Amino acid sequence: QVQLVESGGGLVQAGGSLKLSCAASGSIFSINRMGWYRQAPGKQRELVAVIRSGDATNYADSVKGRFTISTDNAKKTVYLQMNNLKPEDTAVYYCGMSRRSFGPTDYWGQGTQVTVSS
């Protein structure tokens, strides 16, 4: 089992920055994919950014050039640096990790609220 704890959300003005963190514990040696997802009110959860073994990354088109996903050397924490935030980035952000490089997410964090005011 893998446990995920997110932190770093909050309220920020448009154009501002936030950095989210997700600390993993448990059987992290089995993890091959780490990602950030978000869910706005009334909308489905969507992929924001993902990083796979070998450090290959993918981003949603809406965040390219503004958000950066990274991990620490021990792969125990995944970060999401969010710059030039926009009101449409307002959502609950979830950390997700998987044993597989593609397919469903195996483990989820509890979510952290990000609110961007205009």
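Since the structure is predicted, the reported quantities are computational estimates derived from the model, not experimental observations.

1. Considering unusual backbone geometry
The phi torsion at Asp55 lies on the positive side, around 70 degrees, for a residue other than glycine. On the secondary structure map, Asp55 appears in the loop between strand E5 (46-52) and strand E6 (57-59).

2. Thoughts on the nonpolar core
In this structure, Trp36, Val78, Leu80, Met82, Tyr93 and Met97 are the most contacted members of the largest nonpolar core, which totals 29 residues. Leave out the neighbours within four places in its chain, and Met82 touches Gly16, Ser17, Leu18, Leu20, Arg66, Phe67, Tyr93 and Val114.

3. Describing the packing of aromatic side chains
Under the defined criterion, the tally for this structure stands at two aromatic pairs. Ring geometry for Tyr37 against Trp108: centres 4.9 Å apart, planes inclined by 65 degrees, an arrangement best described as edge-to-face. Taken together, the positions of Tyr37 in strand E4 (residues 33-39) and Trp108 in strand E10 (residues 107-108) put the pair 71 residues apart, joining distant regions of the chain. With a relative accessible area of 11%, Tyr37 lands in the buried category. Exposure remark for Trp108: the relative accessible area of 35% places this residue in the partly exposed category. Considering the side-chain rings of Tyr94 and Trp108, the 6.5 Å spacing of their centres and the 85 degrees angle between planes classify their relative orientation as edge-to-face. Taken together, the residues Tyr94 in strand E9 (residues 91-98) and Trp108 in strand E10 connect sequence positions 14 residues apart. When its relative accessible area of 14% is taken as the criterion, Tyr94 is described as buried.

4. Comments concerning the side chain of Arg66
Note on placement: Arg66 falls in the loop between E6 and strand E7 (67-71). When its relative accessible area of 9% is taken as the criterion, Arg66 is described as buried. Within the local environment of Arg66, its side chain forms a polar contact with the backbone oxygen of Ser62, the two atoms lying 2.8 Å apart. Setting aside residues up to four positions removed in sequence, Arg66 forms contacts with Gln81, Met82, Asn83, Asn84, Leu85, Lys86 and Asp89.

The rules behind these values
- Counting restarts for each chain, with residues numbered from 1 along the sequence as it is written.
- Given that the model is predicted, a residue must reach a pLDDT of at least 70 before its local features are reported, and side-chain atom pairs must reach 80 or more before they are shown or counted; all residues, however, enter totals for whole chains, interfaces and linings.
- Based on all heavy atoms of the structure, the side-chain values leave hydrogens and waters out of the count.
- Helix and strand labels come from DSSP, where a helix needs a run of H or I of at least four residues and a strand needs a run of E of at least two; each type is numbered from the N terminus.
- Only buried Ala, Val, Leu, Ile, Met, Phe, Trp, Tyr and Cys residues count toward a nonpolar core, and they belong to the same one when joined by side-chain atoms within 4.5 Å.
- Using a 1.4 Å probe on the protein chains alone, a residue whose accessible area is under 20% of its type maximum counts as buried, one over 50% counts as exposed, and one in between counts as partly exposed.
- Throughout, a contact is declared for two residues whenever any of their heavy atoms are within 4.5 Å.
- Think of it this way: a Phe, Tyr or Trp ring, Trp meaning its six-membered ring, pairs with another when their centres are within 6.5 Å, and the plane angle makes it stacked under 30 degrees, edge-to-face over 60, tilted otherwise.
- Pairing of N or O atoms within 3.5 Å defines a polar contact, subject to two protein rules: one partner must be a possible hydrogen donor and the other a possible acceptor, and residues neighboring in sequence count only if both atoms are side-chain atoms.

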